[in-house]
Amino acid sequence: MRFAALPLLFAPLLAQAATLSVCTEASPDGFDVVQYNSLTTTNASADVLMNRLVEYDASEAKLVPSLAQSWTISNDGLTYDFALRPDVKFHQTDYFTPSRTLTADDVVFSFQRMLDKDHPWHGVAKSGYPHAQSMQWPKLIKSVEKTSDLGVRIVLNSPDATFLPTLSMGFASIYSAEYAEQLLKAGKTEQLNDEPIGTGPFVFKRYQKDAVVRYAANPDYFGGKPKLDGLIYAITPDSAVRLQRLKRGECQIALSPKPQDLQSAHEDKSLQVLQTPAFMTAFVGINTSHPPLDNIKVRQAINLAFDKQSYLKAVFQDTAVAADNVYPPTTWGYAKDVPAYPYDPAKAKALLAQAGLKDGFKTTIWTRPSGSLLNPNPQLGAQMLQADLKKIGVDAQIQVIEWGELIRRAKTGEHDLLFMGWAGDNGDPDNYLTPQFSCASVQSGLNFARYCDKTLDGAISKGKTLSDQMARATVYHQAQRIIHDQALWLPLAHPTVTVLAKNGVEGYQPNPFGRQDFSKVSGGR
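Throughout what follows, the structure given in this document is the object of discussion. Just so it is clear, the model here is predicted, and its values are computed rather than measured. (Residues numbered from 1 in each chain as written. Predicted model: local features only at pLDDT ≥ 70, side-chain atom pairs only at ≥ 80, totals over all residues. Heavy atoms only, no water.)

1. Things to note about the state of the cysteines
Taken as a whole and judged by the stated rule, the model has two disulfides. Here Cys-23 is linked by a disulfide to Cys-251, with a sulfur-sulfur distance of 1.9 Å. Since a negative S-S torsion denotes a left-handed disulfide, the Cys-23-Cys-251 link at about 60° is right-handed. Of the two residues, Cys-23 sits in strand E1 (residues 19-24) while Cys-251 sits in the loop between helix H10 (239-247) and strand E11 (253-255), which places them 228 residues apart along the sequence. Classification of Cys-23 by relative accessible area gives buried; the value is 0%. We classify Cys-251 as buried; its relative accessible area is 0%. Note on cysteine connectivity: Cys-439 is disulfide-linked to Cys-452, with sulfurs 2.1 Å apart. Across the S-S bond of Cys-439 and Cys-452 the torsion is about 95°, and the bridge reads as right-handed. Taken together, the residues span a long stretch of sequence, with Cys-439 in helix H18 (residues 439-444) and Cys-452 in the loop between H18 and helix H19 (454-465) at a distance of 13 residues. (Disulfide = S-S within 2.5 Å. Helix = DSSP H or I, 4+ residues; strand = E, 2+ residues; numbered from the N terminus. Buried < 20%, exposed > 50% of the residue type's maximum accessible area, 1.4 Å probe, protein only.)

2. Observations regarding the pattern of salt bridges
Tallied over the entire structure, the rule returns 18 salt bridges. Put simply, Asp-81 and Arg-153 hold a salt bridge, and the shortest N to O gap is 2.7 Å. Here Asp-81, found in strand E5 (residues 79-84), pairs with Arg-153, found in strand E7 (residues 151-156); they are 72 residues apart in sequence, far enough to count as distant. Put simply, Arg-409 and Glu-405 hold a salt bridge, and the shortest N to O gap is 3.1 Å. With Arg-409 and Glu-405 both in helix H16 (residues 403-411) and four residues apart, this pair spans about one turn of that helix. (Salt bridge = Lys/Arg side-chain N within 4 Å of Asp/Glu carboxyl O.)

3. Notes on the environment of Phe-361
In this structure, Phe-361 sits in the loop between helix H14 (345-354) and strand E15 (362-367). Sequence-distant contacts of Phe-361, that is, excluding residues within four places in its chain, are made with Pro-292, Leu-293, Val-298, Leu-352, Gly-393, Val-394 and Asp-395. (Contact = heavy atoms within 4.5 Å.)

4. Observations regarding the packing of helix H4 (residues 104-115) against helix H8 (residues 177-186)
Here H4 crosses H8 at 60°, and the two axes come no closer than 8 Å. On the basis of the axis angle, H4 is oblique to H8. Where H4 abuts H8, its residues Asp-105, Asp-106 and Phe-109 lie against Ala-177, Glu-178 and Ala-180. Residue composition of the contact of H4 with H8, by class: three nonpolar, no polar and three charged. (Axes fitted to C-alpha atoms, helices over the stretch in contact; angles between N-to-C directions. Parallel < 35°, antiparallel > 145°, perpendicular 65-115°, else oblique. Nonpolar A, V, L, I, M, F, W, Y, C, P; charged D, E, K, R; others polar.)

5. Notes on the packing of aromatic side chains
In this structure the tally under the stated criterion is 25 aromatic pairs. On the basis of an interplanar angle of 70° and a centroid distance of 5.1 Å, the ring pair of Tyr-80 and Phe-163 is categorised as edge-to-face. Of this pair, Tyr-80 sits in strand E5 while Phe-163 sits in helix H7 (residues 163-166), and the two are 83 residues apart along the sequence. One exposure class covers both Tyr-80 and Phe-163, and it is buried. Ring centres 3.6 Å apart and planes at 5° place the aromatic pair Phe-283 and Trp-489 in the stacked group. Taken as a pair, Phe-283 in strand E13 (residues 280-286) and Trp-489 in strand E18 (residues 489-502) lie far apart in primary sequence, 206 residues in all. Taken individually, Phe-283 and Trp-489 each receive the classification buried, so the pair is uniform in this respect. By the ring-pair criterion, three or more aromatic residues cluster together here, those being Tyr-56, Phe-279, Tyr-327, Tyr-334, Tyr-432 and Phe-513. (Phe/Tyr/Trp six-rings, centres within 6.5 Å; stacked < 30°, edge-to-face > 60°.)

As structure tokens, then:
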């Protein structure tokens, strides 16, 4: 009789164990987030494994403390002093056992590896540090110093209104200097990308490429142990398969559903449809370094040739609004007086003739194989652009390239026309302007237009130095006008972030920046 009672005795404990399975659309590039720029990689690394000095609370639209419990800024805007949260523990795994809690040494290491070319960890990132480079951190940051075990001082060379918000971005995650030292001594620096260590709500367990990432709850998380015991990213590129797996209960959350899947989801009483407007832009990047795309008339012709409204109806099916500019019109500093390019194939053909290309030219269109929030139906969108360009005499060959390879090759400027998307991190216009249009970002690879112009670069740089938002907005109006007139992008859409969840999932909020927070979610299996 005693043995028969054991299942009842342990049943409440077993019922508490819950693992949330999330159907995601692509594999991360790796887990050393500072090396990469894709949102998929940020979601799989920075969002679940790591923390930053500060975080951006999208619901409150403000910066909030994280690893830094408080901070002060000098009157001249150059010196930032951070007081770190005490007793923050790094993850303990079968490959690393920390001997101490978070200190200023970890913050200094995390910054210096990106800033100091002579740092022993700097060269580990073979392709550099795209965000740090595009944000011009090596030029901006004068020093990062330890003032005490829990005190860090960052001194800038010039005031920068965007610096503090930038610290909430994934690439500003704080790493364990102790773990890094262990790997360096063992000659295993590449392991940081394969077996990450952080302070975040979940601990890395294992990764099977193109299949699954497994995490366990961090019992020592400073924000409180997650309600879940485990988290799984089930990598499922096909959105229809994501929906079916959700309906079968194989996943409890599915990211980036296709617009055509939403009606089915709305009709299924076992599912929740969670939505919020996205601080994102889908666009076609036009590589200005490739002739004849280096000709402004050609780029303007491409903008005029594309029937954007038909594209929105076919690809987004009323789940997005047309993008006329580089960021959403709800963004402060949005230039309402910068008009959209109308659909005008006749004018497009006339511009090509003026550019000496009355018989058209050949080019390529790059797109990804699987759908995403910013590109729900990649092949259909590419085919529609191809057909519209053909009407003005442009022969565009479609190339479908695996996501990771597409990002890598696009960062080196191999593309002509590139279906791409960009998500900001905190609602600041500079989230778009610096990474996508600064000269420094051409070097880092994030500037997919490959366009470097002194006037545009100067406007972007000046905006950072101004503390008054109205003054910044005036400068950013100038930048938007240049981007529009030069036709550096073919802006497509500002989508709605939609996430599907099983009934019973609680505590999940879709994020307008595409970030993921499962620390307070319940309802796994």
